[in-house]
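These are the residues of each chain, in order.
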Amino acid sequence: MSERENDGSLTVLPGRHDPSDEGRGTAAARPTAGAPGAARPGVVYLVGAGPGDPGLFTQRGAELLATAEVVLHDELVHPALLDGVREGAEVRSVGKRGGDRVVKDAKQAEIDAELVALGLAGRSVVRLKGGDPFLFGRGSEEAEALARAGVPFEVVPGVCSPLGATAYAGISLTHRNIASSVMIVSGVTRAGKGFDWSELASVRGTICVLMGMQALDAVVAGLTGPGRRDPATPAAAIQWGTRADQRVVTSRLDELPRRAMEAGLQSPAVIVVGAVTRLRDALRWFDRKPLFGKRVLVTRPRHQARSTSRLIRLRGGEAVELATIEIHPPPDPARVTEAVRGLSGYDAVVFTSENGVACFFREMERLGLDARAFGSARLAAIGVGTAAALAARGVRADIVPGEFRGEELAQALLADPALAERLAARPEVRVLLPRALVAREVLPERLRAAGCEVDVVPVYETRPSSTERREELLRGLSAGAIDVVLLTSSSTVDSLCDLLGEGAAARLDRVLLASIGPITTATAEKRGLRIGVTAEVSTTAGLLDALDRYFAAQQAVPASAGE
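Residues numbered from 1 in each chain as written. Predicted model: local features only at pLDDT ≥ 70, side-chain atom pairs only at ≥ 80, totals over all residues. Heavy atoms only, no water.

## A look at the pattern of salt bridges
- Taken as a whole and assessed by the stated rule, the structure comprises 36 salt bridges.
- One continuous salt-bridge network, built from bridges that share partners, spans Glu-69, Glu-90, Arg-92, Glu-114 and Arg-123. (Salt bridge = Lys/Arg side-chain N within 4 Å of Asp/Glu carboxyl O.)

Right, here's the structure in full:
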């Protein structure tokens, strides 16, 4: 069997929140309708989604998102947050980007009316708004409409963009030696007119301007004119703050429009004016992460990609989720049922993937069985990710090899004192191997050679994704929207190549291919792929560590060359 998609960063225990899901949680821990703290019927919740990074979403917001019947969200909300929506909930984008004030005001009136109607109809509603609902988010207008109609509402604050974007850009809004106040203004008023910059003439602290990029020349003219700012005042523009595609430009205030135009900066962006912007060179941290700005293709099925995507975001990258395989039921479900019912007759049960754990336990649950059904059987997992999947179901793996390959797992099983004692005492030791329909045979072959009776029971089947996925992947590769491809198993390699078809190696030669271990690398090379990174530890975390080292070394080359 090849290396599997083992995470290695998380052990989940029953009834505890899974932080890798950023608000969704495990099936056991995720709040349900009617639970304490769940969204209540007939109440509208104005929830701040934060500035972009889904990791900045509040716990209360996640709790409501997981239980509301209806979710109306802004266009700029990070897609990962919507993973936390309750199954079967109505989810719609009500974004209103653009410069036409009349159209935007009409759209806002529609949103106000819809929130009122949904509340009066007894629905539980989350209005998910970028940043903070009450900071230029028109949340107060929505709350006023609800109050007039007698609809109960609650407000859940969010991290606002001036705080989030500046922190991720390495700019401290206040500093006791530089600035003791902050002024946050909107570049345009409700009527679409410019802000009265003379109001800032006496302000000596930091100024943050939101919604000012489309009229940046006018903003700077207002600040240097009626606002009485020195044209040489340090300034910065931060686009897509807190996200992997964050871009920052710093300059003198009077040069900011030209510098921003040269860099191609557009909305959404925060403009920061003041001496604190000089701190960026010393305090910048986010865009110095090795994976910052890298778009990393995650080929695992959607329900499994979440934890990997979060790890990528924590390292400064952005996950591009596009499953190259689909998980299907096994060809012979009756064999799975038979194996589950006969669990007490096995000396060992060996799991080689998280999918195998999920599918096997699903059948156990269907039959009304729990961990007691394993009896005295020893439980083995190929790696820490698979072991964590067992732990999430209240079962601890007895055997986990140091290296996550079939060869090492076979050796670890045969070296286990309890199994070795049974092998010595009787002719055969019975081993159950619930796995994918197609996998390497090294594990069952080595166990049989040692005298074990091995029952290989396919509990799921992997198939290539649809043609629609192929077109999506081809577009991403052609447009340069993918920098790195994670290859987390031999089956991932095969399915990716099969999905791309003829010329797969040439298409993938444009991106960095990162392999989870030597077996996966060997499979890739047989398919004509050029692997740039192979993990030393065959887990997802180990693979991302290897990528960190690769890009850190690349960043260090120019500095070394110049010394």
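## Notes on the environment of Asp-483
- Looking at the secondary structure, you find Asp-483 in the loop between helix H15 (467-478) and strand S18 (484-487).
- Classification of Asp-483 by relative accessible area gives partly exposed; the value is 23%.
- It is 19 Å that separates the C-alpha atoms of Asp-483 and Gly-542, two residues lying 59 residues apart in sequence.
- Ignoring anything within four residues of it in the chain, the contact list for Asp-483 reads Gly-293, Lys-294, Arg-295, Val-511 and Leu-512.
- At a separation of 2.8 Å, a polar atom in the side chain of Asp-483 contacts the main-chain amide nitrogen of Arg-295. (Helix = DSSP H or I, 4+ residues; strand = E, 2+ residues; numbered from the N terminus. Buried < 20%, exposed > 50% of the residue type's maximum accessible area, 1.4 Å probe, protein only. Contact = heavy atoms within 4.5 Å. Polar contact = N/O pair within 3.5 Å; in protein donor to acceptor, adjacent residues only side chain to side chain.)

## Focus: the sheet that holds strand S3 (residues 90-93)
- Ordered by their spatial adjacency, five strands build an open sheet running S3-S2-S4-S1-S5, and the pairing between neighbours is parallel. Edge positions in the open sheet fall to S3 and strand S5 (153-156), since each of these has one partner strand only. Going across the sheet, the axis of each strand differs from the next one's by a mean of 15°, ignoring polarity.
- Of the strand pairs in this sheet, strand S2 (residues 70-73) and S3 are connected by four bridges, and their pairing is parallel. From the neighbouring strand, Leu-72 faces S3, where its bridge partner is Arg-92.
- Most of the contacts of helix H3 (residues 139-149) go to strand S1 (residues 44-48), to which it runs at about 170°, and overall it touches S1, strand S4 (125-129) and S5. (Pairing = 2+ DSSP bridges. Axes fitted to C-alpha atoms, helices over the stretch in contact; angles between N-to-C directions.)

## Here's the deal with a nonpolar patch on the surface
- A contiguous nonpolar patch, built from Phe-134, Phe-153 and Val-155 and spanning about 240 Å² of accessible area, is present on the exposed surface.
- Structurally, the position occupied by Phe-153 is in strand S5. (Patch = residues over 30% accessible without salt bridge, like charges linked within 9 Å, V, L, I, M, F, W, Y side chains within 5 Å. Areas by Shrake-Rupley, 256 points an atom, 1.4 Å probe, with all protein chains shown as cover.)

## Concerning unusual backbone geometry
- Cis peptide bonds are those with omega within 30 degrees of zero, and the linkage from Ser-267 to Pro-268 qualifies with 0°.
- As for its placement among the helices and strands, Pro-268 is situated in the loop between helix H6 (256-263) and strand S10 (269-273).
- In the Ramachandran plot, Arg-138 falls in the positive-phi region, its phi being about 60° despite a non-glycine side chain.
- Mapped onto the elements, Arg-138 comes out in the loop between S4 and H3.
- Here the phi dihedral of Arg-228 falls at roughly 60°; this positive angle occurs in a residue that is not glycine.
- Considering the arrangement of structural elements, one finds Arg-228 in the loop between helix H5 (216-224) and strand S8 (234-239).

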